[in-house]
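Residue-level listing of the chains:
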Amino acid sequence: MSQHNNLDFSTRAVHSGNEIDKETGAIRRPITMANSYALPYDPTDMNWSSADGNLYTRNGGANQKYLQEKLASLEGGEDCVVLASGVAALSGLFFSLLRTGDHVIFSSVTYIAVYRLLNELFNNKFKVKTTIVDTSDLEAVRAAVKSNTKLIHIETPGNPTLSVSDIEEIAKIAHENGALLSVDNTFASPYSQRPIELGADFVVESLTKYINGHGDAMGGAIIGKKEHLDIVRAQAQVNLGATISPFNAWLIMRGSVTLPLRMQRHNDNALKIALWLEKQPCVSFVAYPGLEGNNGHEIAKKQMINGFGGVLSFGLKADHDTHNRFVQNLSIITSAVSLGHDESLIVFLGENDERQYLYPEEFHNGFFRFSVGIEDVNDLIEDLSQAFQNTGLQ
Ligand SMILES: *Cc1c(COP(=O)(O)O)cnc(C)c1O
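Residues numbered from 1 in each chain as written. Predicted model: local features only at pLDDT ≥ 70, side-chain atom pairs only at ≥ 80, totals over all residues. Heavy atoms only, no water.

**Focus: the domain arrangement of the chain**
Quite often, the size of an interface is put as the accessible area lost when its parts meet. The line we're drawing: Boundaries of every domain are those given by an automatic assignment or by a domain database. When two parts are brought into contact, each loses some accessible area as probed by a 1.4 Å sphere; the total of that loss over both is the buried area. Note on definitions: salt bridges are taken to be side-chain nitrogens of Lys or Arg within 4 Å of carboxyl oxygens of Asp or Glu. Two N or O atoms form a polar contact when they lie within 3.5 Å of each other; inside protein one atom must be a possible hydrogen donor and the other a possible acceptor, and for residues adjacent in sequence the pair counts only when both atoms belong to side chains. Going along the chain from the N terminus, every DSSP run of H or I of four or more residues is numbered as a helix, and every run of E of two or more is numbered as a strand. Polar here means any residue outside two lists: the nonpolar Ala, Val, Leu, Ile, Met, Phe, Trp, Tyr, Cys and Pro, and the charged Asp, Glu, Lys and Arg; Gly therefore counts as polar.
Along its sequence, the chain is organised into domain 1 (9–256) and domain 2 (259–390). For domain 1 and domain 2, the distance between their C-alpha centroids amounts to 27 Å. Overall, the association of domain 1 and domain 2 removes approximately 3300 Å² of surface from exposure, summing both partners, and the carbon and sulfur fraction of that is 59%. Taken together, the links from domain 1 to domain 2 amount to two salt bridges. The partner of E354 in a salt bridge is R116, and the shortest N-O contact between them spans 2.7 Å. Here domain 1 is connected to domain 2 by 17 residue pairs in polar contact (both at pLDDT 80 or more). Looking at the side of domain 1 that touches domain 2, the elements with two or more residues in it are α1 (9–15), α4 (112–126), α6 (167–176), α7 (189–192) and α9 (246–256). Tallied by class, residues from the side of domain 1 that touches domain 2 come to 19 nonpolar, 17 polar and seven charged.

Here's what the structure looks like:
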């Protein structure tokens, strides 16, 4: 794992986690679909819940381990656990770390499952106390800390408003108070942001998005210190059982080779489209941290590298149904959830979202979350433009 750490990110994206297969000489490590591995002569003293050696694929499989090696390297962390989805990584981390009576602070803008887990499930079932905070406001974070605060969980840029939180400063607040910081890095990917280098204790990634990048496999990862991740492996992976399939780990390994190339194109395309959308008379607002007028721009410039990610949100000066007609008129951009795929995806998030009260005013009339793909940017702008016209918006 450490042998590549002096190399550039792009070189590690190609080589980390891969080696020549000793048995066949193949220059790509193979897919190992077996559920079980051969036992030693006397297995009776084995710990059947161990995640250390090769025993049973739920306790850890070969392809999962190769991918863990690569992701630890790309995020600049000591260790990594890869699980079946981004949500498995989030819930696995929370389950392993939190006990009854602990307090958690989390961003008001997060992936929906984080809101559900921390706002409804962990507090109702396990009496974990939780506080929702606008973590783009450092004073609000400071004010929310209690003596039993165990974890601060932030997402930056946040899904779906793209709000930006200061990783370095929040890490300081957490550590001054004996708490840990986890950062959901899915929107930026390690190509554009490395939270561990900024002081975070954990990075969580939905591999389903940019790291796989091709919209054909699900996975999630937690990157951090070995002492913490050993607990995640023992408690969440082996006993909750959200293990990734070897085939999905292999697909994500393959997709991640081109992460730097794809991500640079996503970053470039999204900025160009955000600038173009801002100029359209029918557009009510554009939320993208790369825009100079964006509230999070200065902090994003400080902590993001190589660009500002491939997702933006925008609103239309139009009624509910006009939003749907606009989407119907798009021909290249696909209406679907998820993000970070090679193709552009758009989703209309209506005015009835239960978390509306946590979002800035401009989001209250409904808006689009737009995951800008790696297609030719002029074709994408042309698609948006013809759809505005054919919907009668301009
Ligand atoms: C999609 C997403 C997740 C969840 O990942 P899955 O792989 O869908 O389980 C978590 N966080 C963010 C920011 C996401 O966009």
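**Describing the pairing of strand β5 (residues 180–184)**
Put simply, the rule is: Burial classes: relative accessible area under 20% of the type maximum marks a residue as buried, over 50% as exposed, and values in between as partly exposed (1.4 Å probe, protein chains only). Should DSSP find at least two bridges between two strands, the strands are taken to pair. A clockwise path from the first strand over the helix to the second, with the strands pointing away from the viewer, defines a right-handed crossover.
Among the five residues that make up β5, five are buried, leaving the element largely enclosed by the rest of the structure. Neither face of β5 is open: one carries L180, S182 and D184, the other L181 and V183, and all of them are buried. Inspection of the sheet shows strand β4 (residues 149–155) paired to β5 by five bridges, in the parallel sense. Within β5, the position partnered with L151 by the bridge is L180. For the segment spanning β4, α6 and β5, crossover handedness is right-handed. Bridge count between β5 and strand β6 (residues 202–206): three bridges; the pairing is parallel. Bridging from a neighbouring strand, S182 pairs with F202 of β6.

**Some points on the sheet that holds strand β9 (residues 311–316)**
Overall, mixed pairing links the five strands, which are arranged β8-β9-β12-β11-β10 in an open sheet. Among the strands making up the open sheet, the edge pair consists of β8 (283–287) and β10 (334–335). For β10 and strand β11 (residues 345–349), the ladder comprises two bridges, and the chain directions are parallel. Opposite T334, over in β11, you have L345 as the bridge partner.

**A few points about the nonpolar core**
So the rule is basically this: Buried Ala, Val, Leu, Ile, Met, Phe, Trp, Tyr and Cys residues that are joined via side-chain atoms within 4.5 Å together make up what is termed a nonpolar core. Only heavy atoms enter the contact rule, under which two residues are in contact if any of them lie within 4.5 Å.
Membership of the largest hydrophobic core comes to 34 residues, with the highest contact counts inside it found for I273, L277, F314, F326 and F388. Elements represented by at least two residues in this core include exactly α10 (259–278), β8, β9, α12 (320–329), β11, β12 (367–371) and α13 (377–390). Broken down by element, this core gets its largest block of residues, six residues, from α13. With sequence-adjacent residues up to four places away left out, F314 is seen in contact with L277, V283, F285, V286, F326, I346, F367, F368, F370 and F388. Counting residues in each nonpolar core, the second largest holds 32 residues, with L93, I222, L229 and V232 among its members.

**A few points about the site of the ligand**
Rules: The near set for a molecule or strand comprises every residue that places at least one heavy atom within 4 Å of it. All accessible-area figures derive from a Shrake-Rupley calculation using a 1.4 Å probe, and residue coverage is judged against the displayed protein chains alone.
As a matter of local geometry, the ligand sits amid 16 residues, with V87, D184, S206, T208 and K209 nearest to it. The contact in question runs from an oxygen atom of the ligand to an N or O atom on the backbone of V87, over 2.8 Å. Protein burial of the ligand: of its 380 Å² of free accessible surface, 95% is covered by the chains. Residue composition of the shell around the ligand, grouped by class: six nonpolar, seven polar and three charged.

**A few points about the sheet that holds β6**
Stated precisely, the cut-off is as follows: In this analysis, axes come from line fits to C-alpha atoms, helices being fitted only over the stretch in contact, and the angle between any two N-to-C directions falls in the range 0 to 180 degrees.
Taken together, the seven strands give an open sheet; going across it, the order is β1-β7-β6-β5-β4-β2-β3, and neighbouring strands pair in mixed fashion. Edge positions in the sheet fall to β1 (79–83) and β3 (129–133), since each of these pairs with one other strand and no more. When strand polarity is set aside, the average angle formed by the axes of neighbouring strands in this sheet is 20 degrees. Here helix α2 (residues 62–75) sits on the sheet in contact with β1, β6 and β7 (220–224), set at roughly 130 degrees to β1.

**Here's the deal with the packing of aromatic side chains**
Going by this rule: Aromatic pairing here means that ring centres of Phe, Tyr or Trp (its six-membered ring) are within 6.5 Å. Orientation follows from the plane angle: under 30 degrees is stacked, over 60 is edge-to-face, and everything else is tilted.
Scanning the entire structure with this criterion turns up 16 aromatic pairs. On the basis of an interplanar angle of 55 degrees and a centroid distance of 5.4 Å, the ring pair of F326 and F368 is categorised as tilted. Within this pair, whereas F326 is found in helix α12, its partner F368 is found in strand β12, the two being separated by 42 residues in sequence. Relative to F367, the ring of Y359 lies with its centre 6.4 Å away and its plane at 80 degrees, an arrangement referred to as edge-to-face.

**Let's talk about the pattern of salt bridges**
This structure, assessed with the given rule, holds 13 salt bridges. In this structure, K302 and D166 form a salt bridge, with 2.8 Å as the shortest nitrogen-oxygen distance. Placement of the pair is K302 in helix α11 (residues 297–303) and D166 in the loop between β4 and α6, with a sequence separation of 136 residues. On the accessibility criterion, D166 (7% relative accessible area) is buried. Here the residues in one salt-bridge network are D79, K226, D230 and R233, joined through shared partners.

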